[in-house]
Amino acid sequence: MSQAETPPPTGTAGPGDPAGSGDPGGPGHLTSPRDPEPDPVRVRPRDPVRPRSPLWTLGLLRSEITTLLRRHRTYALLGVLAAVPVLIGIAVRIETGGGGGGSGDPDGGAGPAFLAQVTNNGLFLVFAALAATLPVFLPMAVGVVAGDAIAGEASSGTLRYLLVAPAGRTRLLLVKYASVLAFCLVATLVVAASALAVGALLFPVGEVTTISGTRISFGEGLARAALTALVVAVSLTGFAALGLFVSTLTGSGIGAMAATVGLLITVQILDSIPQLSGVHPYLFAHHWMSFADVLREPVHWDDLIKNVQLQGLYVAVFGSAAWARFTAKDITA
């Protein structure tokens, strides 16, 4: 046989091969025992991660709130807050002997006027208790929870596992802040409910005399008390955002809680110095006691709206700072 009549080598196509030159998949391909077995499975490109559904986020939030409310520390904080109205009610009862001689200055602001009216109407114990706990006790409890939100997870070594879930840093930060807001509301309602129960038990209840001197029904008074509790809870949102930001700066839960409470004390001191009146309107605690305007007839909304706007500003600024810090932070624990 001459060289021109030599058949084409294995894997190549002859003149009439429709598969073209040497296509392994063509009909002219001859499998050799040394050829590797063809892989029938093709590796597909990685599927993009599908976004989590809102129901999954709600489940994460529910789990976070449940975990927060089941902690022994939370029970202790709420127990202390619930005890404050009890102590105030017992002290007023012993001091006045249960008499109804309290007069109170109708324009006297928050604490003293409310305490003077408690003996006439036990519903005023709600306002007196909120006025007594808002400057120190309520924000300190919120500062403990907010400061421990991220730093506590880092110090216990669970933060990395939460992110591997995967929860996502932005989603986890929002869930943590939402759980702190839920604690703000729960803590405020605990104070109000404890004060309402003690006030109804130790003092008479009935029509409510407002700070403006007018009288409203007991049902409307209850509605004003509920609105007051909501205003107090909203007043703590800016401080909660500040505490969350501090929590992203350190991996020590105790250090974050101490720093947050220290900022609270510093702001309270600054707000009490007359020479610094120029910066007072920008301090998150400056309009806290404006909830007393809920007991005026009609309700004075000016300071209440300023308070909400100021808290919204703090939430926007320190919430953004917390997000920027947390999303760029190296998580090692």
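Small disclaimer: the values here were computed from a predicted structure and weren't measured. (Residues numbered from 1 in each chain as written. Predicted model: local features only at pLDDT ≥ 70, side-chain atom pairs only at ≥ 80, totals over all residues. Heavy atoms only, no water.)

Digging into the overall build of the protein chain
The number of helices and strands found in the protein chain is 11 helices and 2 strands. Put simply, the protein chain runs from its N terminus to its C terminus through helices and strands in the order α-α-α-α-α-α-α-β-β-α-α-α-α. With 333 residues in all, the protein chain has 38% of them scored as buried. When contacts within the protein chain are restricted to residue pairs at least 6 apart in sequence, long-range pairs at least 24 apart make up 73% of them. (Helix = DSSP H or I, 4+ residues; strand = E, 2+ residues; numbered from the N terminus. Buried < 20%, exposed > 50% of the residue type's maximum accessible area, 1.4 Å probe, protein only. Contact = heavy atoms within 4.5 Å.)

Notes on the confidence of the model for the protein chain
Looking at the protein chain as a whole, its pLDDT mean stands at 80, while 73% of the residues score no less than 70. Across the protein chain, helix 9 (residues 237-247) holds the top mean pLDDT of 95, while helix 6 (residues 159-164) sits lowest at 66. Ignoring residues within four places in sequence, the model shows residues 38-50, a span with pLDDT below 50, making 0 contacts including any to other chains. Taken together, the stretch residues 101-112 has pLDDT below 50 and engages in 21 contacts with residues farther than four places along the chain or on a different chain. (pLDDT = per-residue confidence, 0-100.)

What to know about the side chain of Thr228
Among the secondary structure elements, Thr228 is positioned in helix 8 (residues 218-235). In this structure Thr228 comes out as buried when scored by relative accessible area, which is 0%. For Thr228, the residues in contact, after removing those within four places along its chain, are Phe127, Leu130, Phe291 and Val294.

Considering the packing of helix 2 (residues 72-96) against helix 5 (residues 137-156)
Where helix 2 meets helix 5, the axes come as close as 10 Å, and the angle between the chain directions of the two elements is 170°. As far as their axial angle goes, helix 5 and helix 2 are roughly antiparallel. Residues Arg73, Leu77 and Leu81 of helix 2 lie in contact with helix 5, whose contacting residues are Phe137, Leu138, Ala141, Val144, Val145 and Asp148. Its residues placed into classes, the contact of helix 2 with helix 5 shows 7 nonpolar, no polar and 2 charged. (Axes fitted to C-alpha atoms, helices over the stretch in contact; angles between N-to-C directions. Parallel < 35°, antiparallel > 145°, perpendicular 65-115°, else oblique. Nonpolar A, V, L, I, M, F, W, Y, C, P; charged D, E, K, R; others polar.)

Observations concerning the packing of helix 8 against helix 11 (residues 302-327)
Each packed pair of helices is defined by two parameters, the angle between the axes and the distance between the axes. Between helix 8 and helix 11, the least distance of the axes is 9 Å, while the angle of their chain directions is 35°. Listed contacts from helix 11 to Val231, Val234 and Ser235 of helix 8 are Leu304, Asn307, Val308 and Gln311. Considered class by class, the residues forming the contact of helix 8 with helix 11 number 4 nonpolar, 3 polar and no charged.

Some words on the layout of surface pockets
Roughly 160 Å³ of volume is contained in the largest pocket. If you list the elements that add at least two residues to the lining of the largest pocket, you get helix 7 (169-202), helix 9 and helix 11. A class-by-class count of the residues in the lining of the largest pocket yields 9 nonpolar, 2 polar and no charged. (1 Å grid on protein atoms, 1.4 Å probe; cavity = no way out; pocket = protein on both sides within 12 Å on 5 of 7 lines; lining within 4 Å. Points joined across faces, edges and corners; volume = space filled by probe spheres on them.)

Comments concerning the nonpolar core
Counting residues in hydrophobic clusters, the biggest one holds 70 residues, and the most contacted among them are Phe114, Val142, Phe183, Phe284, Trp288 and Phe291. Per-element accounting of this core gives the leading share, 11 residues, to helix 7. Excluding residues within four positions of it along the chain, Phe291 makes contact with Phe114, Phe127, Leu130, Ala131, Leu134, Thr228, Val231, Val232 and Leu304. (Core = buried A, V, L, I, M, F, W, Y, C linked by side-chain atoms within 4.5 Å.)

What about the packing of aromatic side chains?
Per the stated rule, a full pass over the model turns up 6 aromatic pairs. Ring centres of Phe284 and Trp288 lie 5.7 Å apart, and the angle between their planes is 50°; this geometry places the pair in the tilted category. Seen from their ring centres, Phe284 and Tyr314 are 5.7 Å apart, and the 85° between their planes marks the pair as edge-to-face. Of the two residues, Phe284 is situated in the loop between helix 10 (253-271) and helix 11 and Tyr314 in helix 11; the sequence distance between them amounts to 30 residues. The exposure classification of Phe284 matches that of Tyr314, with both residues buried. Joined through ring pairs, the aromatic side chains of Phe239, Phe245, Phe284, Trp288, Tyr314 and Phe318 make up one cluster. The side chain of Arg169 reaches across the aromatic face of Phe326, ending 6.0 Å from its centre. (Phe/Tyr/Trp six-rings, centres within 6.5 Å; stacked < 30°, edge-to-face > 60°. Lys NZ or Arg CZ within 6 Å of the ring centre and 35° of its normal.)

Comments concerning the environment of Ala146
Here Ala146 is to be found in helix 5. A relative accessible area of 0% means that Ala146 is categorised as buried. Excluding anything up to four places from it in sequence, Ala146 contacts Val180, Ala240, Gly243, Leu244 and Ser247.

A few points about the pattern of salt bridges
By the definition in use, this model includes 7 salt bridges. Between Glu64 and Lys176 there is a salt bridge, with the nearest N and O atoms lying 2.9 Å from each other. Remark: Lys176 occurs in helix 7 and Glu64 occurs in helix 1 (residues 54-69); sequence separation between them is 112 residues. Each of the two residues, Glu64 as well as Lys176, counts as buried. Of the charged contacts in the structure, one is a salt bridge between Glu297 and Arg224, with a shortest N-O distance of 2.5 Å. Of the two residues, Glu297 is situated in the loop between helix 10 and helix 11 and Arg224 in helix 8; the sequence distance between them amounts to 73 residues. (Salt bridge = Lys/Arg side-chain N within 4 Å of Asp/Glu carboxyl O.)

Considering a nonpolar patch on the surface
Taken together, Val80, Val136, Phe137 and Met140 make up a surface patch of nonpolar side chains, about 320 Å² in accessible area. Assignment of secondary structure puts Val136 in the loop between helix 4 (124-133) and helix 5. (Patch = residues over 30% accessible without salt bridge, like charges linked within 9 Å, V, L, I, M, F, W, Y side chains within 5 Å. Areas by Shrake-Rupley, 256 points an atom, 1.4 Å probe, with all protein chains shown as cover.)

Quick look at the environment of Ala258
Along the chain, Ala258 falls in helix 10. For the pair Ala258 and Val144, spaced 114 residues apart in sequence, the C-alpha separation works out to 7.8 Å.

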